[in-house]
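If you want the building blocks of each chain, they are given just below.
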Amino acid sequence: IFIIDEVHMLTDQAFNALLKTLEEPPSHVVFILATTEPQKIPDTIISRCLRFDFRRIPIKEIIAQLEHIARQEKIEVSRHGLYLIAREAEGSMRDAQSILERAVSYCGMKIQDGDLQEMLGYIDRRQLFTMLDGLVAGDPQACIAGLARLYEAGIDLKRCYYGFLELLRDLLMIKTVPDQP
């Protein structure tokens, strides 16, 4: 069994060499090609594979596993901190464990929420609400000023964009399904 992780990173020459092997594979060999970006794999390779798409792991399950790891490793981290890590991992247990490991390197064995938020480039929702207030009031200058403050603070604008969309989604959920946690 050969596992090629991040197979989308192969060069064209490597894909051509792999294609020759996939066209006439030895009967005792299995190739597992893993990727998070299947659109980058040439069609000639995809046509010779069985494809299995995996679901994202729910945040609750990631938090439970991170709690288990933290207990075993004697890492002090709040439930909210574990939630931040799990959310950042976007459904990947491996990414969640890597983020926890980074947090220990950054913060030590006692991870404070504020330090974790700083490490992750967390955007304070109050700043996003300032932008939203400008948007709702029809005041584009206020909205742009709020965005400029985030940019000047070193916040990645892509992260700001996703944070703003998440805020809008959360507000929509509260408005349409008020009884949900």
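This report concerns the structure included in the present document. (Residues numbered from 1 in each chain as written. Predicted model: local features only at pLDDT ≥ 70, side-chain atom pairs only at ≥ 80, totals over all residues. Heavy atoms only, no water.)

**Here's the deal with the packing of aromatic side chains**
Centre distance and the angle of the planes are the two values used to describe a pair of aromatic rings.
Phase 1 of the analysis: Scanning the entire structure with this criterion turns up 2 aromatic pairs.
Phase 2 of the analysis: Seen from their ring centres, F2 and F31 are 5.6 Å apart, and the 25° between their planes marks the pair as stacked. One end of the pair, F2, is in strand 1 (residues 2-4); the other, F31, is in strand 2 (residues 31-33), and 29 residues separate them in sequence.
Phase 3 of the analysis: Ring geometry for Y161 and Y162: centres 5.2 Å apart, planes at 65°, overall edge-to-face. (Phe/Tyr/Trp six-rings, centres within 6.5 Å; stacked < 30°, edge-to-face > 60°. Helix = DSSP H or I, 4+ residues; strand = E, 2+ residues; numbered from the N terminus.)

**So, the layout of surface pockets**
Where empty space is left in the structure can be found by rolling a water-sized probe over the atoms.
Phase 1 of the analysis: In this structure, the largest pocket spans a volume of roughly 1400 Å³.
Phase 2 of the analysis: Contributing to the lining of the largest pocket are 35 residues, with A34, T35, T36, F52 and F54 lying nearest its centre.
Phase 3 of the analysis: Put simply, the parts of the chain that give the lining of the largest pocket at least two residues each are strand 2, helix 2 (43-46), helix 4 (79-89) and helix 5 (93-107).
Phase 4 of the analysis: With 4 residues, helix 5 is the largest single contributor of residues to the lining of the largest pocket.
Phase 5 of the analysis: Taken together, the residues that form the lining of the largest pocket break down as 20 nonpolar, 4 polar and 11 charged.
Phase 6 of the analysis: Empty space within the second largest pocket amounts to approximately 550 Å³.
Phase 7 of the analysis: Residue lining of the second largest pocket: 17 residues in total, with E88, R159, Y162, G163 and E166 positioned closest to the centre. (1 Å grid on protein atoms, 1.4 Å probe; cavity = no way out; pocket = protein on both sides within 12 Å on 5 of 7 lines; lining within 4 Å. Points joined across faces, edges and corners; volume = space filled by probe spheres on them. Nonpolar A, V, L, I, M, F, W, Y, C, P; charged D, E, K, R; others polar.)

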